[in-house]
Amino acid sequence: MSTFGIVLFLLIGGMAFWMLLFLLGFILPYWLTLGLFEQLRPKRIFEEKEEK
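Here goes a summary of the coordinates provided. (Residues numbered from 1 in each chain as written. Predicted model: local features only at pLDDT ≥ 70, side-chain atom pairs only at ≥ 80, totals over all residues. Heavy atoms only, no water.)

Let's talk about the overall build of the chain
In terms of regular secondary structure, the chain is built from one helix and zero strands. Here the chain, with 52 residues, has 0% of them falling under the buried criterion. (Helix = DSSP H or I, 4+ residues; strand = E, 2+ residues; numbered from the N terminus. Buried < 20%, exposed > 50% of the residue type's maximum accessible area, 1.4 Å probe, protein only.)

Section: the packing of aromatic side chains
Scanning the entire structure with this criterion turns up three aromatic pairs. Both rings, one in Phe17 and one in Trp18, keep their centres 5.2 Å apart while their planes meet at 70 degrees; by these two values the pair is edge-to-face. Note on Trp18: relative accessible area 57%, which makes it exposed. Between Phe22 and Phe26, the ring centres sit 5.7 Å apart and the planes meet at 25 degrees, which makes this aromatic pair stacked. Taken together, the positions of Phe22 and Phe26, both in helix 1 (residues 2–40) and four residues apart, correspond to about one turn of that helix. A relative accessible area of 43% means that Phe22 is categorised as partly exposed. For Phe26, a relative accessible area of 48% translates into the label partly exposed. Linked through ring pairs, Phe22, Phe26 and Tyr30 together constitute an aromatic cluster. (Phe/Tyr/Trp six-rings, centres within 6.5 Å; stacked < 30°, edge-to-face > 60°.)

Quick look at the pattern of salt bridges
Throughout the structure, instances matching the rule amount to one salt bridge. For the salt bridge of Arg41 with Glu38, the shortest nitrogen-to-oxygen distance reads 3.0 Å. Judged by its relative accessible area of 51%, Arg41 falls in the exposed class. Looking at Glu38, the relative accessible area reads 38%, which means it is partly exposed. (Salt bridge = Lys/Arg side-chain N within 4 Å of Asp/Glu carboxyl O.)

Section: helix 1
Working note: α-helix, 3.6 residues per turn, so residues spaced by three or four point in the same direction. A rise of 1.5 Å per residue sets the reference length of helix 1, with its 39 residues, at 57 Å; its end C-alpha atoms lie 56 Å apart and thus fit the reference within 8%. If you look at helix 1, its biggest bend is around 35 degrees, right at Leu23. (Expected span 1.5 Å × (residues − 1). Bend = angle between axes of the 7 residues up to and from the residue.)

So, in structure tokens, the structure goes:
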């Protein structure tokens with residue numbers, strides 16, 4: 001029974017490790033890039049309407 005607990009602990013810990021690695025390697029740069037492009041885009045207070 002003790003071996004099952006150790007294996008379960010290592011399995012959950014391994015899954016958490018790979019999830020954190022994925023978040024730091026892909027999601028975080030993606031989120032920062034989107035935030036950077038949002039800051040660089042000029043903001044318009046009033047939308048310009050096309051006049052004919």
